Amino acid sequence: MGDMIAKYGKGKVYALMALIVVVIVGAAWFGYRPTGGVDSGAVSRSRVRGTGEETVDPAVLSTGNAAWQGTQYRTAAEATLDLVNQQRSKAGLATLAWDNSLAACAMIRATEMPKSFSHTRPDGSDWYTVGPEVMYSECLACKYTSPSDTVKAWMNSATHKKEILTPGFATGSIGIYDVNGTWYWVLEMGY
């Protein structure tokens, strides 16, 4: 090292060493691929009381129902809701009933996740605009391929756990959309 300092100067040697550290750290950072993740926080909105019968646009139902990629995803979605319900039961809360209208909405949101992994839809509108009469809470996750890992991630996130354990919700459904092996999960809850 003394020969290098003598030949190139102290500043250049230290700059080279710093560059090497940056390259190593950068390579480690960009080479790291997490096995899963949740969004920065779950969201909910207040329920407007006394609005009458809850309905979902038939086009939403048709689009959402057509988005299922097979029975394995529907089975995984139902198993995920069962695990969510176990968490709610442990907390002394009512379980969520699977709702097919909410499931269609969750599937539409799941298909939007690769474009915009957030509670804002790709067109810039709010998450609940898919089915405003049935959608009151949303939790997102991606890259997990098992119901247990997904629910564990949600329960390890303070904001997601708070949403899942919110009293009053009566319905819930999960949408799962697989893009080249990356699974996008959406939990929708309603009244």
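All of the points below concern the structure found in this document. (Residues numbered from 1 in each chain as written. Predicted model: local features only at pLDDT ≥ 70, side-chain atom pairs only at ≥ 80, totals over all residues. Heavy atoms only, no water.)

Some details on the pattern of salt bridges
Within this structure, the stated rule accounts for four salt bridges. Salt-bridge contacts for Arg109 lead to Glu112; the nearest nitrogen and oxygen are separated by 2.7 Å. Highlighted residues: Arg109 and Glu112, both in helix H5 (residues 100-112), separated by three residues, approximately one helical turn. With respect to class, Arg109 is no different from Glu112; both count as buried. Notably, a salt bridge pairs Glu112 with Arg121, separated by 2.6 Å at the nearest N-O pair. Summarising the burial analysis for this pair, Glu112 and Arg121 share the class buried. By sharing partners, the salt bridges in this structure join Arg109, Glu112, Arg121 and Glu138 into a single network. (Salt bridge = Lys/Arg side-chain N within 4 Å of Asp/Glu carboxyl O. Helix = DSSP H or I, 4+ residues; strand = E, 2+ residues; numbered from the N terminus. Buried < 20%, exposed > 50% of the residue type's maximum accessible area, 1.4 Å probe, protein only.)

As for the packing of aromatic side chains
The geometry of an aromatic ring pair is captured by two quantities: the separation of the ring centres and the angle between the planes. Tallied over the entire structure, the rule returns six aromatic pairs. Both rings, one in Phe169 and one in Tyr191, keep their centres 5.1 Å apart while their planes meet at 35°; by these two values the pair is tilted. Remark: Tyr191 occurs in the segment after strand E6 (182-190) and Phe169 occurs in the loop between helix H7 (158-164) and strand E5 (171-179); sequence separation between them is 22 residues. The exposure class assigned to Phe169 is buried, which follows from its relative accessible area of 3%. (Phe/Tyr/Trp six-rings, centres within 6.5 Å; stacked < 30°, edge-to-face > 60°.)

So, the pairing of E5
Of all nine residues in E5, seven are buried, a share of seventy percent or more. Here two bridges tie strand E3 (residues 97-98) to E5, and the two strands are oriented parallel to one another. Residue pairing for E5: Ala97 is matched across the bridge by Thr171. Bridge count between E5 and E6: nine bridges; the pairing is antiparallel. Residue pairing in the sheet places Thr171 in a bridge with Gly190 of E6. In this structure, the hairpin formed by E5 and E6 is closed by a connection of two residues, where Asn180 is found at a positive phi of approximately 50°. (Pairing = 2+ DSSP bridges.)

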